[in-house]
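Remarks on the overall topology
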Amino acid sequence: MSEAMRRVVSVVLVVLASISALVGALGVWTNDNIFDSQRFATKGTEVLADPTVTKAVSRHLGDQIFGLMEKASGRDLSGRLGQLARTNVERRVDSVLQGDSAQRIANASLLRTHQALVRSIQGESNPVTLNLLPIATEILNDLKADSLIPSWARIPQFEIDGDPIEQTLVLGDALRIAVPQDFGQIVLIKGDPPPVVQQARSYIKFFHQIVFGAIVAAIVLAVAAIAVSPRRARTLIHLGVGTAIAWVLGVVAVDLARSSV
């Protein structure tokens, strides 16, 4: 092989090694941030602690609990009495969400949510939800103490590892009303997600599956580029530049992914 041909082959191998390094780096990031349940739960708990997110969750739970309380009490809560009751509900929700028990429940729930999310990425079509029913029932018990829930109602205490649909049925029996199946839950992915979510799942699954091969390929290609090159010192510089470019592109891709999430 002539020196010119060796130079061309070396450059091609450097480019391929850089691309493999980029794919491998994205695969490592995907595994660390998407498929690590504990990391997901930790980050998710931090997100839930954000005041903006806490306010949104509080409003969501507050609306659900107020509607359930109105049905269970059999009262018309559309006037001033209803406004006072809603204020009381909102205060109770905010108080419970800021407590240590809510943080523990949220962390455990996020672990289960992540497991469902991974199964969804792997192809299951079941919905992915964040189950906050144990928090909701704690709030309902507080409202019962304030006589906003009938005294005869025996509000159950739920565990995170229970089936949310079954739990809503049990709660409905306790309150003698029909409880919506999504009560106390935040739906993250529906059973039939939109195309953009399906595409994102395909990308995540792809990077998860090829991470090891991409890293091995990057090393092999880099070694081959140096072996073939007639000027190895220059090839090392090219590899360094290619790796730097791959790193910059990886940072940009990760930032885009975080923004999308």
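Every chain begins its residue count from 1, and numbering advances along the sequence as written. Given that the model is predicted, a residue must reach a pLDDT of at least 70 before its local features are reported, and side-chain atom pairs must reach 80 or more before they are shown or counted; all residues, however, enter totals for whole chains, interfaces and linings. Computation of side-chain values: all heavy atoms of the structure, hydrogens and water removed.

**What to know about the overall build of the protein**
Secondary structure counts use DSSP, requiring at least four H or I residues in a row for a helix and at least two E residues in a row for a strand, with both numbered from the N terminus. The number of helices and strands found in the protein is 9 helices and 2 strands. Of the regular secondary structure in the protein, the N- to C-terminal order runs α-α-α-α-α-β-α-α-β-α-α. Throughout, the radius of gyration refers to the C-alpha atoms, and the reference size of a globule is 2.2 Å times the residue count to the power 0.38. Against the compact-globule benchmark of 18 Å for 261 residues, the protein has a radius of gyration of 26 Å, which places it well outside the compact range. With respect to the three principal axes, the spread of C-alpha positions in the protein is 90 × 30 × 30 Å. For every residue, the accessible area obtained with a 1.4 Å probe (protein chains only) is divided by the maximum for its type, and the residue is called buried under 20%, exposed over 50%, and partly exposed between those limits. A buried classification covers 38% of the 261 residues belonging to the protein. Note on definitions: a residue-residue contact is assigned when non-hydrogen atoms from the two residues lie within 4.5 Å. Across the protein, contacts joining residues at least 24 apart in sequence account for 73% of those joining residues at least 6 apart.

**Quick word on the packing of aromatic side chains**
In this analysis, rings of Phe, Tyr and Trp, with Trp reduced to its six-membered ring, are considered paired at centre separations within 6.5 Å, and the interplanar angle assigns stacked below 30 degrees, edge-to-face beyond 60, and tilted for intermediate values. Inspection of the entire model under this criterion finds 0 aromatic pairs. Over the ring of Trp-152 we find Arg-176; its NZ or CZ atom is 4.0 Å from the centre of that ring. Should the NZ of a Lys or the CZ of an Arg lie within 6 Å of a ring centre and within 35 degrees of the ring normal, that charge is described as sitting over the ring.

**Let's talk about helix 3 (residues 51-73)**
Since the α-helix turns once every 3.6 residues, residues separated by three or four places project in the same direction. A helix is expected to span 1.5 Å for every residue after the first. When the terminal C-alpha atoms of helix 3 are compared, their 31 Å separation across 23 residues agrees well with the 33 Å that a helix rising 1.5 Å per residue should span. By the burial criterion, the buried members of helix 3 are Val-57, Ser-58, Leu-61, Gly-62, Gln-64, Ile-65, Phe-66, Leu-68, Met-69 and Ala-72. Positive backbone phi, approximately 70 degrees, marks Gly-74, located one or two places after helix 3.

**What about unusual backbone geometry?**
One non-glycine residue with positive phi stands out, namely Arg-176, at about 60 degrees. Tracing the backbone shows Arg-176 in the loop between helix 7 (164-175) and strand 2 (185-189). In this structure Arg-176 comes out as exposed when scored by relative accessible area, which is 62%.

**A word on the nonpolar core**
What makes a nonpolar core is a set of buried Ala, Val, Leu, Ile, Met, Phe, Trp, Tyr and Cys residues whose side-chain atoms join them at distances within 4.5 Å. Core analysis: the largest hydrophobic core is formed by 36 residues, its most contacted members being Ile-65, Ile-135, Leu-140, Leu-143, Leu-171, Leu-175 and Phe-183. Residue contributions to this core peak at 7 residues, all from helix 3. Discounting chain neighbours no more than four positions away, the residues touching Leu-175 are Leu-68, Ala-72, Ile-149, Trp-152, Ala-153 and Ile-155. The next biggest cluster of nonpolar side chains, apart from the first, holds 9 residues, and it includes Trp-29, Phe-35, Leu-117 and Ile-121.

**Details of the pairing of strand 1 (residues 128-131)**
Here strand 1 shows two buried faces, one formed by Val-128 and Leu-130 and the other by Thr-129 and Asn-131. Examined bridge by bridge, strand 1 and strand 2 share 4 bridges and lie antiparallel to one another. Residue pairing across strands places Leu-130 opposite Ile-186, the latter belonging to strand 2. Strands qualify as paired when DSSP identifies two bridges or more between them.

**Some words on the environment of Gln-98**
With respect to the helices and strands, the residue Gln-98 is situated in the loop between helix 4 (80-97) and helix 5 (100-121). A residue is classified by how much of its surface remains accessible, and Gln-98, at 64% relative accessible area, is exposed. The spatial distance from the C-alpha of Gln-98 to the C-alpha of Ala-49 is 8.4 Å, given a sequence separation of 49 residues.

**What about the packing of helix 6 (residues 133-145) against helix 7?**
Axes here mean lines fitted to C-alpha atoms, for a helix over just the part in contact, with angles spanning 0 to 180 degrees between N-to-C directions. Look at helix 6 against helix 7: their axes get within 11 Å of each other, and the N-to-C directions meet at 15 degrees. By the criterion of interaxial angle, the relationship of helix 6 to helix 7 is roughly parallel. Classified by chirality, the crossing of helix 7 by helix 6 is left-handed. Side by side, helix 6 and helix 7 meet where Leu-133, Thr-137 and Leu-140 of the first sit next to Pro-164, Gln-167, Thr-168 and Leu-171 of the second. All amino acids are sorted into three groups, where Ala, Val, Leu, Ile, Met, Phe, Trp, Tyr, Cys and Pro are nonpolar, Asp, Glu, Lys and Arg are charged, and the leftover types, Gly among them, are polar. Residue composition of the contact of helix 6 with helix 7, by class: 4 nonpolar, 3 polar and no charged. Geometric relationships in this document are graded by angle, where less than 35 degrees denotes roughly parallel, more than 145 denotes roughly antiparallel, 65 to 115 denotes roughly perpendicular, and other angles denote oblique. Note on convention: near helix rotated counterclockwise from far helix by under a right angle means a left-handed crossing. Clockwise means right-handed.

**So, helix 5**
The end-to-end C-alpha distance of helix 5, which contains 22 residues, comes to 31 Å, matching closely the 32 Å that a straight helix rising 1.5 Å per residue would cover. Listing the buried residues of helix 5 in full gives Ala-102, Ile-105, Ala-106, Ser-109, Leu-110, Thr-113, His-114, Ala-116, Leu-117, Val-118, Ser-120 and Ile-121.

**As for the environment of Asp-32**
With respect to the helices and strands, the residue Asp-32 is situated in helix 1 (residues 3-33). Exposure remark for Asp-32: the relative accessible area of 34% places this residue in the partly exposed category. Remark: the alpha-carbon pair of Asp-32 and Gln-103, spanning 71 residues in sequence, is separated by 23 Å.

**Regarding the confidence of the model for the protein**
In this model, the protein carries a mean pLDDT of 79, and residues with pLDDT of at least 70 account for 90%. For every residue, the predictor reports its confidence as pLDDT, a number between 0 and 100. When mean pLDDT is compared element by element in the protein, helix 7 scores highest at 89, while helix 9 (residues 232-260) scores lowest at 74.

**As for the packing of helix 2 (residues 37-49) against helix 3**
Between two packed helices, what matters for the description is the angle formed by their axes and the separation of those axes. Where helix 2 contacts helix 3, the two axes come as close as 5 Å, and the packing angle between them is 80 degrees. With respect to their mutual orientation, helix 2 and helix 3 come out roughly perpendicular. Residue-level inspection shows Val-47, Leu-48 and Ala-49 of helix 2 in contact with helix 3, the latter providing Pro-51, Val-53, Thr-54 and Val-57. Taken together, the residues of the contact of helix 2 with helix 3 break down into 6 nonpolar, 1 polar and no charged.

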